[in-house]
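Below, each chain spelled out in residue letters.
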Amino acid sequence: MALVISKELKKHSLKNGVILGLILLAFNIISFYLITTIVTSPIGVIGVPYLFSIILPIPCAIVFCFMLRASIGPVWNFRIATSGIFIMFIVSYLVIFLGRDLVFAHLIEPEMNTKIE
């Protein structure tokens, strides 16, 4: 039973991690364009990154943790929970890193740092 849960846990954690990473990547890109083009007030320059990097991602992460919990089934102990959530967050971080730091910052918007300054 533990082997089946482990395979299912990894499969669902990877899937949820990729989806969460894509959502957070979209938040990062939207935040970048809002800061550089639309927002002109100092409050907006401080508030937009705060909104898109702290306030919105936390509920998204909570929802994806609950979705992971629902997909695994009634067996949910501390080891399973921490393993699944850790895999999900690592995968989402990798998606954000690859999407924002490698693809977006170097190919799409090479002058990203100078525009933010």
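For the structure itself, look to the data block above.
Just so it is clear, the structure is predicted and the values come from calculations on it, not from any experiment.

What am I meant to see in a nonpolar patch on the surface here?
Residues Tyr33, Phe86, Ile90, Tyr93, Leu94, Phe97, Leu98, Leu102, Val103, Leu107 and Ile108 make up a contiguous nonpolar surface patch of roughly 1,100 Å² in combined accessible area. Looking at which element gives the most residues to the nonpolar patch, the answer is helix α4 (residues 78–108), with ten residues. With respect to the helices, strands and loops of the structure, isoleucine 108 is situated in helix α4. For isoleucine 108, a relative accessible area of 52% translates into the label exposed.

Help me out: how do you make sense of the side chain of asparagine 16 in this one?
Mapped onto the fold, asparagine 16 is located in helix α1 (residues 2–38). With relative accessibility at 3%, the residue asparagine 16 sits in the buried group. For asparagine 16, the contacting residues outside a window of four places in its chain are Phe64, Met67, Leu68 and Met88.

Mind showing me how you'd approach the environment of methionine 88 here?
With respect to the element layout, methionine 88 can be found in helix α4. A sequence separation of 75 residues divides methionine 88 from serine 13, and the C-alpha atoms of the two residues are 4.8 Å apart. Not counting residues within four places of it along the chain, the set of residues in contact with methionine 88 comprises Ser13, Asn16, Gly17, Ala61, Phe64 and Cys65.

Sorry, what's going on with the packing of aromatic side chains here?
Both the distance between ring centres and the angle between the ring planes are used here to describe each pair of aromatic rings. The full count for this structure, using the stated rule, is four aromatic pairs. When the ring of tyrosine 33 is compared with that of phenylalanine 104, the centres are 5.9 Å apart and the planes differ by 85°; the resulting orientation is edge-to-face. With tyrosine 33 in helix α1 and phenylalanine 104 in helix α4, this pair connects stretches of sequence that are 71 residues apart. A relative accessible area of 4% means that phenylalanine 104 is categorised as buried. Three or more aromatic residues joined by ring pairs make a cluster, and in this case those are Phe32, Tyr33 and Phe104.

Conventions we followed
Residues numbered from 1 in each chain as written. Predicted model: local features only at pLDDT ≥ 70, side-chain atom pairs only at ≥ 80, totals over all residues. Heavy atoms only, no water. Patch = residues over 30% accessible without salt bridge, like charges linked within 9 Å, V, L, I, M, F, W, Y side chains within 5 Å. Areas by Shrake-Rupley, 256 points an atom, 1.4 Å probe, with all protein chains shown as cover. Salt bridge = Lys/Arg side-chain N within 4 Å of Asp/Glu carboxyl O. Helix = DSSP H or I, 4+ residues; strand = E, 2+ residues; numbered from the N terminus. Buried < 20%, exposed > 50% of the residue type's maximum accessible area, 1.4 Å probe, protein only. Contact = heavy atoms within 4.5 Å. Phe/Tyr/Trp six-rings, centres within 6.5 Å; stacked < 30°, edge-to-face > 60°.

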